[in-house]
Amino acid sequence: MIIERIINNNVVSALDEDGKEIVVMGNGIGFGKKKGQTCDENRIEKVFHMEDERVLSQFKDLLAKLPLEYIQVSYDIISYAKQELGVKLNQNVYITLTDHISFALERLSDGMTFTNALHSEIRRFYPTEYSVGIHALHLIKEKTGISLPEDEAASIALHLVNAELNLQMRDIWVLTNMIGKMMDVIVQYLPILKEESLEMDWLLSYLKFVTCRVLMMKPLKEKGDEGLYRYLQSNCPELMEGVESIAGMLQEEYGCHMTEEEQLYLGVSLKRIKDLYSEM
């Protein structure tokens, strides 16, 4: 690996065997080195491959300002998250999560702590990401000696959700809030729904997708099956009333349009859950 730029004593920009720019991290890897020299392979701890040049540039700027342990712990959290979630994460997460952890640690050292207003919703709607967030707090304590409050597990989880769905962080906040309000309506019309159940997990997964669609304005087709819609209206009018209430709430509070097809699909889903409980 040929050094392209010394970012600091512990991080360098280098060219790999294919001539592509990468970021290489290791204790003292940049100390006393110059552009054009080779990296000391014995000092290499982490290697970052960034496909997007804009992300790479922002990442290098961020790394130049941060302590080595902050970068290391962020890398370890993201590696653990990839393993636990089993999905590809947007590379922006290396920037957003590293920056967030740095800011959270600085805030705490200055005696400032903030609560996450969506803590309970995040823990409920994104349990796997939240568990990664809890593990992240242990890694941060191990690397830095600093114990961040549990609210930070929820904030870290949101960064991971953002990297999964490839949305802006503000959209993830809106999405999570939308799911919470949709669930508030659903439990009014389907009070038999159990909090800890496969049906709840399945329903939450569906709501994530439908909120993503309406938020990004990529809905299903406008019209649904008219015969099925009439059947649901006739056989479970209370559930369809709940669905229509949700559609109205999304339009009024978020300006998001829920198509007839989406309303129909949600109605079928709720009827299925109701039927399953009635058979127990």
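Described below are features of the structure shown in this document. (Residues numbered from 1 in each chain as written. Predicted model: local features only at pLDDT ≥ 70, side-chain atom pairs only at ≥ 80, totals over all residues. Heavy atoms only, no water.)

## Looking at helix H8 (residues 198-215)
Phase 1 of the analysis: Counted at 1.5 Å a residue, the expected span for H8 with its 18 residues is 26 Å, and the 26 Å between its end C-alpha atoms agrees.
Phase 2 of the analysis: Among the residues of H8, Glu 199, Met 200, Leu 203, Leu 204, Tyr 206, Leu 207, Val 210, Thr 211, Cys 212, Arg 213, Val 214 and Leu 215 are the ones counted as buried. (Helix = DSSP H or I, 4+ residues; strand = E, 2+ residues; numbered from the N terminus. Expected span 1.5 Å × (residues − 1). Buried < 20%, exposed > 50% of the residue type's maximum accessible area, 1.4 Å probe, protein only.)

## So, the packing of aromatic side chains
Phase 1 of the analysis: This structure, assessed with the given rule, holds five aromatic pairs.
Phase 2 of the analysis: The rings of Phe 48, Phe 59, Tyr 75 and Tyr 94 are connected pair by pair, giving a single aromatic cluster. (Phe/Tyr/Trp six-rings, centres within 6.5 Å; stacked < 30°, edge-to-face > 60°.)

## What to know about the packing of helix H2 (residues 68-85) against helix H3 (residues 93-109)
Phase 1 of the analysis: Following both chains from N to C, one finds H2 and H3 inclined at 125°, their axes separated by 9 Å at the closest point. With respect to their mutual orientation, H2 and H3 come out oblique. For the pair H2 and H3, the sense of crossing is right-handed. Contacts between H2 and H3 involve Tyr 70, Ile 71, Val 73, Ser 74, Tyr 75, Ile 77, Ile 78 and Lys 82 on the former and, on the latter, Val 93, Tyr 94, Leu 97, Thr 98, Ile 101, Ser 102 and Leu 105. (Axes fitted to C-alpha atoms, helices over the stretch in contact; angles between N-to-C directions. Parallel < 35°, antiparallel > 145°, perpendicular 65-115°, else oblique. Left-handed = near helix turned anticlockwise from the far one by under 90°. Contact = heavy atoms within 4.5 Å.)

## Focus: the pairing of strand S2 (residues 11-15)
Phase 1 of the analysis: A large share of S2 lies buried, amounting to four of its five residues.
Phase 2 of the analysis: Here strand S1 (residues 2-8) runs beside S2; their pairing, made up of five bridges, is antiparallel. Paired with Ile 3 across the bridge in S2 is Ala 14.
Phase 3 of the analysis: A loop of two residues connects S1 with S2, the two strands running antiparallel in sequence.
Phase 4 of the analysis: As paired elements, S2 and strand S3 (residues 21-25) share five bridges and run antiparallel to each other. Note that in S3 the partner of Ser 13 across the bridge is Val 23.
Phase 5 of the analysis: Taking the residues between adjacent antiparallel strands as the criterion, S2 and S3 are bridged by five residues, where Gly 19 takes a positive phi near 80°. (Pairing = 2+ DSSP bridges.)

## Considerations on the pattern of salt bridges
Phase 1 of the analysis: Tallied over the full model, the rule gives eight salt bridges.
Phase 2 of the analysis: As a salt-bridge pair, Lys 60 and Glu 21 come within 2.6 Å of each other at their nearest N and O atoms. Here Glu 21 lies in strand S3 and Lys 60 lies in helix H1 (residues 53-63), a separation of 39 residues in the sequence.
Phase 3 of the analysis: The exposure class assigned to Lys 60 is buried, which follows from its relative accessible area of 11%.
Phase 4 of the analysis: One salt bridge connects Asp 76 with Lys 46, and the closest N-O pair in it is separated by 2.8 Å. Residue Asp 76 is located in helix H2, and its partner Lys 46 is located in strand S4 (residues 46-48); the two are separated by 30 residues in the primary sequence.
Phase 5 of the analysis: Residue Asp 76 is classed as partly exposed on the basis of its relative accessible area of 21%.
Phase 6 of the analysis: When its relative accessible area of 15% is taken as the criterion, Lys 46 is described as buried. (Salt bridge = Lys/Arg side-chain N within 4 Å of Asp/Glu carboxyl O.)

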